[in-house]
Protein chains: 4
Amino acid sequence: MIVILKKNPEKQKVDQLVESFKKLGLAIHYSEGTQTTIVGLVGDTSRLDMDAICANEIVETVKRITEPYKAANRRFHPQDTIVEVKGRKIGEGNFTVIAGPCSVESEEQIICVAQEIKKSGAQFLRGGAFKPRTSPYAFQGLEADGLKLLLEAKKVTGLPIVTEIMSQTHIDLFADVDIIQVGARNMQNFQLLKELGHSDKPILLKRGLANTIEEFLMSAEYIMAGGNNNIILCERGIRTFETATRNTPDLTAIPLIKRYSHLPVIFDPSHATGIPWLVEPLSKAAIAIGADGLMIEVHNNPKEALCDGAQSLNFEQFDQVMETIKNRADVEQKTF
Amino acid sequence: MIVILKKNPEKQKVDQLVESFKKLGLAIHYSEGTQTTIVGLVGDTSRLDMDAICANEIVETVKRITEPYKAANRRFHPQDTIVEVKGRKIGEGNFTVIAGPCSVESEEQIICVAQEIKKSGAQFLRGGAFKPRTSPYAFQGLEADGLKLLLEAKKVTGLPIVTEIMSQTHIDLFADVDIIQVGARNMQNFQLLKELGHSDKPILLKRGLANTIEEFLMSAEYIMAGGNNNIILCERGIRTFETATRNTPDLTAIPLIKRYSHLPVIFDPSHATGIPWLVEPLSKAAIAIGADGLMIEVHNNPKEALCDGAQSLNFEQFDQVMETIKNRADVEQKTF
Amino acid sequence: MIVILKKNPEKQKVDQLVESFKKLGLAIHYSEGTQTTIVGLVGDTSRLDMDAICANEIVETVKRITEPYKAANRRFHPQDTIVEVKGRKIGEGNFTVIAGPCSVESEEQIICVAQEIKKSGAQFLRGGAFKPRTSPYAFQGLEADGLKLLLEAKKVTGLPIVTEIMSQTHIDLFADVDIIQVGARNMQNFQLLKELGHSDKPILLKRGLANTIEEFLMSAEYIMAGGNNNIILCERGIRTFETATRNTPDLTAIPLIKRYSHLPVIFDPSHATGIPWLVEPLSKAAIAIGADGLMIEVHNNPKEALCDGAQSLNFEQFDQVMETIKNRADVEQKTF
Amino acid sequence: MIVILKKNPEKQKVDQLVESFKKLGLAIHYSEGTQTTIVGLVGDTSRLDMDAICANEIVETVKRITEPYKAANRRFHPQDTIVEVKGRKIGEGNFTVIAGPCSVESEEQIICVAQEIKKSGAQFLRGGAFKPRTSPYAFQGLEADGLKLLLEAKKVTGLPIVTEIMSQTHIDLFADVDIIQVGARNMQNFQLLKELGHSDKPILLKRGLANTIEEFLMSAEYIMAGGNNNIILCERGIRTFETATRNTPDLTAIPLIKRYSHLPVIFDPSHATGIPWLVEPLSKAAIAIGADGLMIEVHNNPKEALCDGAQSLNFEQFDQVMETIKNRADVEQKTF
C-alpha cells in the first residue's frame, strides 16, 4: 500500500503516522521528495482500512497495490481449487452443468425435470424452494416443503441438488442439500456469509448485480475466513444502462476471476439476460472464455411456470443446448 | 397491464389466456387489430407475474401501466405519512436530522458525540453496532455491546437512537432501539424485511446501490405487507461509472419518491459521496429538493475513527453545517 | 405503437389526437375501457416522435412495439448483408480479422506491422492517422501523413486498410481508404454520419461507450438513410461501474444485433478491456457467440508505442492468438 | 505521477526508463524497497501517456496524483473565471438563466417565446437550429434558417442567443451567435473542440452522457489549449441503470467541478430528466448546491412542439419557476 502525503506535512504528525504502521508489523518504505512524500507499506495490508488512513489530515491519498483478499487470492494459492461434491469434481478441467426450474412447484414437476435433465447430461439439479422475489405478492416458493421435494427428486435420480438459502436461520433445514446457493441479492449479507463460513457445505456464491469483481472475491473471503474453502463463484450479469436484456452478462469477469483467484467459476446464462434463445450462444461464449460450468433454467412447461418462466428452456431446447455444450467443452478440453 | 399478442395468435390459446386472467378477477379489455391484438387487464394487477405472462407463446410483450406497489403508493394514500418516534414527527413539513458516528467505539465516545450533536440541534443519534464491512478483516462493530452503549447515550442525552440491523436473528436485541435501520446491502434481504413487517418499530430503509426507485418502493411494500407502516426511506447514492465520488447521489429520487409514495424520505450526504466537504452543499440541495431530513456522520476524532473516518465531520464542522441546515429548512418552511 | 390515454379524456381532444395520427397515414385501433383508453397505431411509426405524443395533455404514456429503425432492421431484410471490400467478404459465414497498431508512427513501422500481421493471417490492416485522444496534450496522430503511410503499406502488402475519420471535412482525404472507421466517440456525430451516407465507402461503425443497442442501430440507420448500406458494426465495450477493465465488453450485443439487424458485427477485444492477455479469451468468446470478425491491436514494440501500447499484442503474441482464432472460426464453420 | 515497478526489475531496464523520464524534464524520486520499487515523477506530467508507461514490461502500475488538465485547473488559476457576454456576466456570484424552445420552429414562435421568457426574467434565449436527433427520420431543425430566426428574435428582444453547433463546417454560420453550445453527444468531438479553441466566442460545453468529470474538464482543456478561455460548463444528467427519468442528474458534479476548476457551471434540468414538473425542484437544488445558472426549455405550445415537447414548460409554468429561481438565487446571495 502506498500512502501519499500532502505537501510539507508536519514532522511530528508524519512520525506518529509511521509509528502507527510499524505497530501493525508493517515494514516502512519512506521517501521524501521536494513536492511529495511517499510512505510505502510492506507486509500484510489486508487488515488496513484505507478510509481511516485517508482521514488523517496529512494524507493526500492512499493506493492499494496488492488485493485486499488473501484466502481467495491465487497469488498465495497458485493451484486451482477443486470442489468435490458426491464424487463429482467442480473446477480445474472439469465441466459442470447444473439445471432445473426456477422454483420447485410439485413433486411431479421436480422429479420429471430431474429425470429429463439427467437424460440430457446435467450433473446437478437446481430448484428454488425459498425464492427472492422483488414483490411481496409474487410466489415466494414452497419453502421447507420445496426442500423435501428436491430431496425426493435426488433420491429418484441420484442427482445432487443445489438450492438457494435466504436466511441464516434456515441453515439447519439445508443439512441434506449438496450445494447451498447464495443469491445475488445476498452477496453482501455478511451475517449469512459468516455463518456459511462455519459450515463445510459447498457454497455457490452469485455475484451481486452491482458488485465489482473485487467485492465478489471479498464476499468469498468472508466465507473462507470462517474456514470453508468449498466455494464456487457464479457470474450472472450486472446492471448497466442497457435495457435490451434484463442484465448485462459480464463474461470478461470469468478469466479475470480465474487469474486473481483459484476458485472455480460458473456462469448462469438464464438469469443473465432473461431471454431463452440467448442461452445457447452465451453458453458457448462462456465455455470458450474459460468457465468451469453453467447453471441453466429448465422447466417442464415454461409458459405456466410460477416464476421466471419466460427465461426457462423446455426439455427439447435444453437437450439441444446440451449437445452444443458437450461439443464445446470438448473443444476446450474440459472433462464433462 | 397491457398484454400485446403476437401476430395471428391461435384462437384457442387466446381464449385460454383470457380465461386465466378472468379467473384472477380481472376485467378484460380485448381489442383485435389487423396487425396486433391487445389485451388490457383492469383490476388489481399487482399480483400478476409479468415474466410468467411473457413466457406464453402467443404473447409478444407485456407492459405495466400502474405501479406494482399498493400500500406504499400515493395513488391509494394521498396523505403524507408521518412517522412518530418519541414525540418527534418525521415527514410532512417536519425536518429531521440524525447524526452520529459510523461505529460506536466506546462509552466515552458515543456519549460525547451524542452530547455535542444534541447541542448543535440534531434530534436523533445514530451509531453502528453491527457494521456491514466489505472486508472480513475490517472492524465489524461492537455488536450487542455497541447497542448497550447507544442506550446509555440515549439515557444521558434523551436523544432517540437509530442503528442498523444486519440479521433477523438480532431483532430481539433491538427491542429498545427507536428506529431500526436496514442498510443498502440488505435492501433486498427479503427475509429480514418480512420479519420487520411483523414488528411495529419505525424502520429506516436505505436504497440499495443498484436498485431502481421502483425496487426501493417494493422493498418498503414488503415491510408494509406485514402490517408495519412506519417506514422512512433514505436515499444514499447509487453506483455509476463516475469515480470522483464513492457513489453518485441521486437527489432526483427524492421528489420522485414523494410523488409516487406517501412515505417520508431523508438523505444521507456522508455515505453518498464519502467526502466531508460535500456534506454541506449536498445537504442544502437535499433540503431544496424536498427531503424530510438528513442523516450525517459526525465523529469526535475523524482521523482515528475505526471505520469511514474519512467521511465524518468533526463537531465544529457539524455545528456549522447545522446552522446552514436550520436556515435552509426555514426557507423551505419546514418545522425543525 | 400504443398510446395509453389518461382516465376520462375529453372527447374532443381524443378526436383531435386520433385525427392527427390518421393524417400521417396510420391505421387506428381504438379501444375504450372503463379505466383506460388505448389507441393502437398501425403502419410506419418510425417517423413518430414519442416525446411529442407524450406531451399531449390527455396522454398517459406511449409504448413502441416495433423498432424505430427500418433499413437496418432484419424484419424487412431477412438476408444477411455481406460487405465486399477488394474481393474480401465480410459477414454471413465469413470471418474477418483486422489488425494493426493504434497509431501509424512511421513508414518503417507500419510496413513492418502490415507484413507481420499478413503473415499471421490478418486480412485487413488498421492504423490510426487521426487519433481521438482524451487529452489535447497527447499524441494526436500523423494525420494526412499517416494516411499516406497506410497507403504505402497497402501497396507493399496488398492488405486493404481501415482507418478512423474524425471530421466530415476529411472525407476527401479518405478517398483511397478501403473501410472508413467511425469511432465510439463519434457514433452520434450525426453530421458525419449523414455525410458518410452519401459516400459508397464501407463504414466500420463502433458502438458508443454509453449507447444502447437501439441507438447503435439508429446510427447505422443514419448512414443507410443516405443510401450507403455497406456498414460493419463493431462492439467495443461499454461503460459500467466495474473498474477491473477499461470498459466492460458486451458480448451479448453480438447475437442481439444479429437478430435485430442484417448487418455484419465484429468485436474489438483490445479496446474493450485495454488488457492484452484478455485478447485471446475474448476473441474465442466472440467467435463462439457469433461475431463475424475481430479487430485487434498489434504493435512492433508495444512498450514504445505512442498511444495505447499497453493494450497491444506483439507479433509473437498475435501469431499465437491467430492460431486460436483460425481454429475456433473453423469450429463455428466460418470461412476464414 | 507514481510508477510502481514489478518485483526485481532488471537494473538496465530501470535505468532506461528513468532516463526516458529525465529527458522529458521531470525530476525523479526513486525509492527501492525489498518488495516494491517506486519511481515518483515530479514536474509537468500532463503530457505523459499513462498507457504507454504501463506497457513497459517492468512496470506494475502507474498512478496519477495531479490532474491531467492545466488551463482548466483551479490549482493554477485560483480565481473564478467570469465569462462576459454582451455586458452580462456569467460566473462568480452572478446567476444566469437561459431559456427557450428545444427547436426554433417559426419566426412567430421564436419571437413570442423570446418576449415571454424576457418578461419572466431570463437573460439569454436558447433555441435549436441544428438538432442532434437519435433518429434520421425525426425533425432535424431549420438549420441555417433557424439561426436567422434566432437573430431576428434577438433583434426584437435584445436577448443574446445560445444555440448548438453540430459541425466544425458551420462555424462561419455562427458568427453572430452570442454563445455557441456544444451538445452532450459532441463533448468528445475533438476536431470541433479544436476549431472552437481558435475562436473567441463563448462556448457552452455540455457534459457527455457517460463522461466522467475528469473527461469533461479535459474537453474544456481542448478548447482552452487553442486559446479560448470563455467556457461555460453545463451538467445535464448522466446515463445510469435508473429508468424513472431519461437521465440521472449528477448535481454533485457542480461543487466538484467548481472545486477542481475555475470555470462557471450551469445546470439543465429539462434535458436531465425529461419531466417538466421536476424542473422546479431540480432548479432549487442546483442553486442550493452552487450552480452559476440554469438552462430551461420553454415552449409556446409544448404539446405541439416538433421535438422534446414533453419536457418543456409553458409560459405560465416558466414564470412561476422563475419566481422561485429568483428567490433562491437571492438566498444564495447571487446577483440575478
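Conventions and cut-offs
Residues numbered from 1 in each chain as written. Chains lettered and ligands numbered in written order. Predicted model: local features only at pLDDT ≥ 70, side-chain atom pairs only at ≥ 80, totals over all residues. Heavy atoms only, no water. UniProt positions renumbered as here; feature names shortened; annotations may be inferred. Helix = DSSP H or I, 4+ residues; strand = E, 2+ residues; numbered from the N terminus. Domains from an automatic or database assignment. Contact = heavy atoms within 4.5 Å. Buried area = accessible area lost by both parts, 1.4 Å probe. Polar contact = N/O pair within 3.5 Å; in protein donor to acceptor, adjacent residues only side chain to side chain. Least-squares fit on C-alpha atoms with pLDDT ≥ 70 in both. Salt bridge = Lys/Arg side-chain N within 4 Å of Asp/Glu carboxyl O. Buried < 20%, exposed > 50% of the residue type's maximum accessible area, 1.4 Å probe, protein only. Pairing = 2+ DSSP bridges. Right-handed = clockwise from strand over helix to strand, strands pointing away.

Caption draft 1: Fine view of the UniProt feature "domain: DAHP synthetase I/KDSA" (unreviewed entry) in chain A. With numbering aligned to this structure, UniProt lists the feature "domain: DAHP synthetase I/KDSA" (unreviewed entry) at residues 84-326 of chain A. Helix makes up 35% of residues 84-326 of chain A and strand 16%, and the two end C-alpha atoms of the span are 21 Å apart.

Caption draft 2: Region of the structure containing the domain arrangement of chain A. Domain boundaries assigned for chain A yield domain 1 (2-63) and domain 2 (83-331). Taking only C-alpha atoms, the centre of domain 1 of chain A and the centre of domain 2 of chain A are 43 Å apart.

Caption draft 3: Structural detail: the interface of chain C and chain B. Taken together, the contacts link 18 residues of chain C with 18 residues of chain B. Regarding the contact of chain C and chain B, the summed buried area is about 1500 Å², with carbon and sulfur atoms giving 74% of it. Linking chain C with chain B are zero residue pairs in polar contact (both at pLDDT 80 or more). Put simply, the parts of the chain that give the side of chain C that touches chain B at least two residues each are β1 (2-5), β2 (27-32) and β3 (37-42) of chain C.

Caption draft 4: Spatial organisation of the relation of the copies chain D and chain C. Overlaying chain D with chain C gives an RMSD of 0.1 Å, the required rotation being 180° about an axis along which the chain moves by 0.0 Å. Accordingly, the operation relating the two chain copies is best matched by a two-fold axis. Of the C-alpha atoms belonging to chain D, the one lying closest to the rotation axis is found on Ala210(D), 2.8 Å away.

Caption draft 5: Focus on the side chain of Lys206(A). With respect to the element layout, Lys206(A) can be found in strand β11 (residues 203-206). Excluding its chain neighbours within four sequence positions, the residues that come into contact with Lys206(A) are Gln181(A), Val182(A), Gly183(A), Ala184(A), Met187(A), Phe216(A), Cys234(A), Arg236(A), Asp268(A), His271(A) and Met295(A).

Caption draft 6: Seen up close, the interface of chain D and chain C. Each side of the interface is counted separately: chain D has 51 residues, and chain C has 51 residues. Of the roughly 4200 Å² buried where chain D meets chain C, counting both sides, 50% is carbon and sulfur surface. The interface formed by chain D and chain C holds two salt bridges in total. The shortest N-O distance in the salt bridge between Glu215(C) and Arg239(D) comes to 2.7 Å.

Caption draft 7: Quick peek at the pairing of strand β7 (residues 96-100) of chain C. Residues and elements named next belong to chain C. Extensive coverage of β7 is indicated by the burial of five of its five residues. Judged by which residues are buried, β7 turns out to be covered on both faces: Thr96, Ile98 and Gly100 on one side and Val97 and Ala99 on the other are all buried. Note that β7 and strand β14 (residues 293-297) share five bridges and pair parallel. In the sheet register, alanine 99 faces β14, and the bridge partner there is isoleucine 296. Between β7 and its parallel partner strand β8 (residues 124-126), the chain crosses via helix α3 (residues 107-120), and the hand of that crossover is right-handed.

Caption draft 8: Highlighting unusual backbone geometry. The residue Asn8(C) is not glycine, and still its phi comes out positive at about 50°. Of note in the backbone geometry, Lys86(D) takes a positive phi value of approximately 50° without being a glycine. By the secondary structure assignment, Lys86(D) is in the loop between β5 (83-85) and β6 (88-90). Lys86(D) gets classed as exposed once you look at its relative accessible area, which sits at 56%.

Caption draft 9: Structural view of the environment of Thr36(A). By the secondary structure assignment, Thr36(A) is in the loop between β2 (27-32) and β3 (37-42). Accessibility expressed as a relative area gives 16% for Thr36(A), which makes it buried. Among residues more than four places away in sequence, those in contact with Thr36(A) are Ile4(A), Leu5(A), Ser31(A), His29(D) and Ile65(D).

Caption draft 10: Representation of the pairing of β3(A) within the structure. Residues and elements named next belong to chain A. Of all six residues in β3, six are buried; the element is thus mostly enclosed. Here β3 shows no split at all, with Thr37, Val39 and Leu41 on one side and Ile38, Gly40 and Val42 on the other all buried. Relative to β3, strand β1 (residues 2-5) runs antiparallel, the two sharing four bridges. The partner of valine 3 across the bridge, within β3, is valine 39. Two elements, β2 and β3, share six bridges in a ladder whose sense is antiparallel. Looking at the pairing, tyrosine 30 lines up with valine 39 of β3.

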